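A look at the structure
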Amino acid sequence: MAETVLTIIHELFSSLNENNSSEFKQVLMNTYVHLQKGGNESSLIDQLLSYVQTGDSKLTENQIEMISKLRKIEGIKN
């Protein structure tokens, strides 16, 4: 069974560390909260993926893998 977007976001949130940028942490937290409240999944994930692509997120290898899963779910090519 494929992982849900919310599960992946939760895993990303749980994997945050001191090396991740504060901006990435904030974007991820906003995405998670709005998804929990029933926000538009596609729009929220697009915003998160856009930030990751243009921002200095300082992702770990595991976080990069989770972002790749989100891209796959959303049908986005690297």
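Up top you'll find the structure we're talking about.
Residues numbered from 1 in each chain as written. Predicted model: local features only at pLDDT ≥ 70, side-chain atom pairs only at ≥ 80, totals over all residues. Heavy atoms only, no water.

Turning our attention to the overall build of the protein. Across its full length, the protein carries four helices and zero strands. Helices and strands appear in the protein in the N-to-C order α-α-α-α. Against the compact-globule benchmark of 12 Å for 78 residues, the protein has a radius of gyration of 11 Å, which places it among compact chains. Each of the three principal axes of the protein carries a C-alpha extent, and together these read 30 × 25 × 25 Å. Each of the 78 residues in the protein was classed as buried or not, and the buried ones make up 33%. By sequence separation, contacts in the protein at least 24 residues apart represent 61% of the contacts at least 6 residues apart. Surface summary for the protein: the accessible area is close to 4900 Å², and the carbon and sulfur share equals 49%. One way to put it: in the protein the 7 positive side-chain charges average out to a point 1 Å from where the 10 negative ones average out. (Helix = DSSP H or I, 4+ residues; strand = E, 2+ residues; numbered from the N terminus. Rg over C-alpha atoms; globule rule 2.2 N^0.38 Å. Buried < 20%, exposed > 50% of the residue type's maximum accessible area, 1.4 Å probe, protein only. Contact = heavy atoms within 4.5 Å. Areas by Shrake-Rupley, 256 points an atom, 1.4 Å probe, with all protein chains shown as cover. Lys, Arg positive; Asp, Glu negative; His and termini not counted. Charge placed at Lys NZ, Arg CZ, Asp CG, Glu CD.)

Before going further, it helps to examine the packing of helix α1 (residues 5-14) against helix α2 (residues 22-36). Two numbers describe how α1 lies on α2: the axes approach to 10 Å, and their chain directions differ by 145 degrees. Remark: the crossing between α1 and α2 carries left-handed chirality. Every residue of α2 that contacts α1 at Val-5, Leu-6, Ile-9, His-10, Leu-12 and Phe-13 is listed here: Leu-28, Met-29, Thr-31, Tyr-32, Leu-35 and Gln-36. (Axes fitted to C-alpha atoms, helices over the stretch in contact; angles between N-to-C directions. Left-handed = near helix turned anticlockwise from the far one by under 90°.)

Residue placement: Val-33 occurs in helix α2. The sequence separation of Val-33 and Gly-75 amounts to 42 residues, and the corresponding C-alpha distance is 23 Å.

Of all the positions in α1, only Val-5, Ile-8, Ile-9 and Leu-12 are classed as buried. In an axial view of α1, the angular spread of the buried residues amounts to 100 degrees, which keeps them on one side of the axis. Tucked inside the fold, the buried residues of α1 contact α2, α3 (41-54) and α4 (61-74). (Arc of directions from axis to C-beta.)

Geometric values such as these leave the question of function open.
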